[in-house]
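Residues per chain are reported as follows:
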Amino acid sequence: MKQDSDLRNNLKSIRTRLGMSQQDLANIASVTRQTISGVESGLYAPSVAITLRLAKALGCQVEDLFWLERDLPEIEAVLAKPVPNGQQLRVSMARIGGQWIAYPLIGKDAFRQDMIPADGESTSLTGTNKVRVRLLDDNLDTLHNTVVIAGCAPVISLWARATERWHPQLRVQYNFANSMAALHSLCRGEAHIAGMHLYDPETGEYNTPFVRDVLAGREAVLITLGVWEEGLLLKSGNPMGIRTVSDLVAGGATIVNREIGSGSRMLLEQTLQKEQIPFDAVQGFDNILRSHQDVAQAVVGGIADAGMSTASVATAFGLGFIPLHQSRYDLVILKEYLEVAPVQQLLSTLGHRMVHSQFEILGGYDISKIGEVVATV
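To start, this report covers the structure provided alongside it. This structure is a prediction, so every number in the text was calculated from the model and none was measured. (Residues numbered from 1 in each chain as written. Predicted model: local features only at pLDDT ≥ 70, side-chain atom pairs only at ≥ 80, totals over all residues. Heavy atoms only, no water.)

Notes on empty space enclosed by the protein
- Taken as a whole, this structure holds one cavity of 30 Å³ or more when the rule is applied.
- Within this model, the largest cavity holds a volume of roughly 50 Å³.
- Elements with a contribution of two residues or more to the lining of the largest cavity: α11 (263-274) and β17 (320-334).
- In terms of residue count, the dominant contributor to the lining of the largest cavity is α11 (four residues).
- Across the lining of the largest cavity, the residue classes break down as four nonpolar, five polar and one charged. (1 Å grid on protein atoms, 1.4 Å probe; cavity = no way out; pocket = protein on both sides within 12 Å on 5 of 7 lines; lining within 4 Å. Points joined across faces, edges and corners; volume = space filled by probe spheres on them. Helix = DSSP H or I, 4+ residues; strand = E, 2+ residues; numbered from the N terminus. Nonpolar A, V, L, I, M, F, W, Y, C, P; charged D, E, K, R; others polar.)

In structure tokens, the structure reads:
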């Protein structure tokens, strides 16, 4: 039978993953090798009997092998960030505040340590910031059960993975963003939760003044994830003998800095101002990197002598560390999201031993007040 133009199959990918040749599969399924070749190339639509034999031979369901392209749904979504006009995109999807949000998987956003699987592909622009997205499967339950966190704390990914083990139907999407960027993402409806660690020296408060200013009257709660030590990452053994930010200038050390809006940059600027050191007196002050990991890798690789990050990152990369400040890392959640089931499931694990153990062995992180509501705005 000639192939239906809408019929798609995974036969070749499943067969090769199992280390089987076309002839191997043909022998097990009692068909000819030409039949296998014809199905894989899309030239031949197998009968029901052959389809069942192929599925049995490969140890999978028929639905894993074959699907109809026209059966995959399309939905309209709001793009979380601008993209080049007309470019087809791999996107990850989540439902937030009654609308679909599409997160373009391009550049660094397409990776963590491995490439992020896409939920769909944009097919056309429907407005200045809206697209039609063709889903890659019809499992809308997964998309509905996705909770999105924007933040920069590496421990968020540990929390996410531990939560997904406890709630297998829940998916946690962690979008990297510095503190202010995460807060603005929450305000724009692109995340359920924003993580931040900003200190206001005028009020002596963490995070709350910034939340109150950005959300401008919208109701939210702040829940503590933990308190971490922030300071200077240094080369192992501290060969330059750096003890304070003043030593950076005195010793001619080169640093790497973080972008505006990050808690690490804000702490560095506040510390320099306290010591009455001009920003431009610090060599490398304008060398900007976008994450704690990038800062650590720059020091490890000899690109810089120092950078601002956390004790846990220093430990992970085998670097020296000079503590300068303890920062409270809070989760900011709009009150309207507190009743959303995926959000409730995620927050419920803050008291779970599985989560606590991941944080404790990391080091440099005080979780004695984890899960406490520290402010409402």
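Okay, back to it.
Quick word on unusual backbone geometry
- For Ser-30, which is not glycine, the phi torsion reads 60 degrees and is therefore positive.
- In this structure, Ser-30 sits in the loop between α2 (22-29) and α3 (33-40).
- Residue Ser-30 is classed as exposed on the basis of its relative accessible area of 56%. (Buried < 20%, exposed > 50% of the residue type's maximum accessible area, 1.4 Å probe, protein only.)

Observations regarding the pairing of strand β16 (residues 306-310)
- Of all five residues in β16, five are buried; the element is thus mostly enclosed.
- Burial along β16 is two-sided: the face carrying Ala-306, Met-308 and Thr-310 and the face carrying Gly-307 and Ser-309 are both buried.
- Strand direction decides the pairing type here: strand β13 (residues 220-234) and β16, joined by five bridges, are antiparallel. When the sheet's bridge partners are listed, Glu-230 is paired in β16 with Thr-310.
- Alignment of strand β14 (residues 255-258) against β16, held across two bridges, turns out to be parallel. (Pairing = 2+ DSSP bridges.)

A look at the pattern of salt bridges
- Tallied over the entire structure, the rule returns twelve salt bridges.
- The closest approach of N and O atoms between Glu-259 and Arg-258, which form a salt bridge, is 3.1 Å.
- Judged by relative accessible area, Glu-259 falls into the buried class, the value being 7%.
- On the basis of relative accessible area, Arg-258 is assigned to the buried category, the value being 2%. (Salt bridge = Lys/Arg side-chain N within 4 Å of Asp/Glu carboxyl O.)

A short note on the sheet that holds strand β4 (residues 90-96)
- Strands sit in the order β3-β5-β4-β6-β7 around a closed barrel of five strands; the barrel is mixed. Adjacent strand axes in the sheet meet at a mean angle of 55 degrees, parallel and antiparallel pairs treated alike.
- Bridge count for strand β6 (residues 120-125) against strand β7 (residues 130-135) is five bridges, and the pairing is antiparallel. Within β7, the residue paired with Leu-125 across the bridge is Val-131. (Axes fitted to C-alpha atoms, helices over the stretch in contact; angles between N-to-C directions.)

Thoughts on the packing of helix α7 (residues 155-166) against helix α15 (residues 353-362)
- Taken N-terminus to C-terminus, the directions of α7 and α15 make an angle of 150 degrees; their axes are 9 Å apart at the nearest point. Looking at the two axes, α7 sits roughly antiparallel to α15. Considering only the axes of α7 and α15, their crossing is right-handed. Where α7 abuts α15, its residues Val-155, Leu-158, Trp-159, Ala-162, Arg-165 and Trp-166 lie against Met-354, Val-355, Gln-358, Phe-359 and Leu-362.
- Considering only residue class, the contact of α7 with α15 consists of nine nonpolar, one polar and one charged. (Parallel < 35°, antiparallel > 145°, perpendicular 65-115°, else oblique. Left-handed = near helix turned anticlockwise from the far one by under 90°. Contact = heavy atoms within 4.5 Å.)

Overview of the packing of aromatic side chains
- Here the structure, examined in full by the defined rule, presents five aromatic pairs.
- The interplanar angle of 50 degrees and the centroid separation of 5.1 Å between the aromatic rings of Tyr-199 and Tyr-206 together place this pair among those described as tilted.
- Between Trp-228 and Tyr-365, the aromatic rings sit 5.8 Å apart at their centres with planes inclined by 85 degrees, giving edge-to-face as the arrangement. Linking Trp-228 in strand β13 with Tyr-365 in strand β18 (residues 365-366), this pair joins segments that are 137 residues apart in sequence.
- Residue Tyr-365 is classed as buried on the basis of its relative accessible area, which comes to 10%.
- Taken together through their ring pairs, the aromatic side chains of Trp-228, Tyr-329, Phe-359 and Tyr-365 make up a single cluster. (Phe/Tyr/Trp six-rings, centres within 6.5 Å; stacked < 30°, edge-to-face > 60°.)

With respect to the packing of α2 against α3
- For the pair α2 and α3, interaxial distance at closest approach is 8 Å and the crossing angle is 115 degrees. Classified by the angle their axes make, α2 and α3 are roughly perpendicular. Along this stretch, α2 crosses α3, giving a crossing that reads as right-handed. Counted together, Gln-22, Gln-23, Leu-25 and Ala-26 of α2 and Arg-33, Ile-36, Ser-37 and Glu-40 of α3 form the full contact between these two elements.

Let's talk about the nonpolar core
- Ranked by size, the top nonpolar core spans 57 residues in total, and within it Trp-159, Ile-193, Leu-225, Val-332 and Phe-359 carry the most contacts.
- Per element, the largest residue contribution to this core is six residues, and it comes from β13.
- Dropping the residues within four chain positions of it, Trp-159 is found in contact with Ile-149, Leu-225, Leu-331, Leu-346, Leu-347, Thr-349, Leu-350, Val-355 and Phe-359.
- Counting residues in hydrophobic clusters, the runner-up holds 19 residues, among them Ala-29, Val-31, Ile-36 and Leu-58. (Core = buried A, V, L, I, M, F, W, Y, C linked by side-chain atoms within 4.5 Å.)

From the geometry alone we can't say anything about function, so treat these as descriptive.
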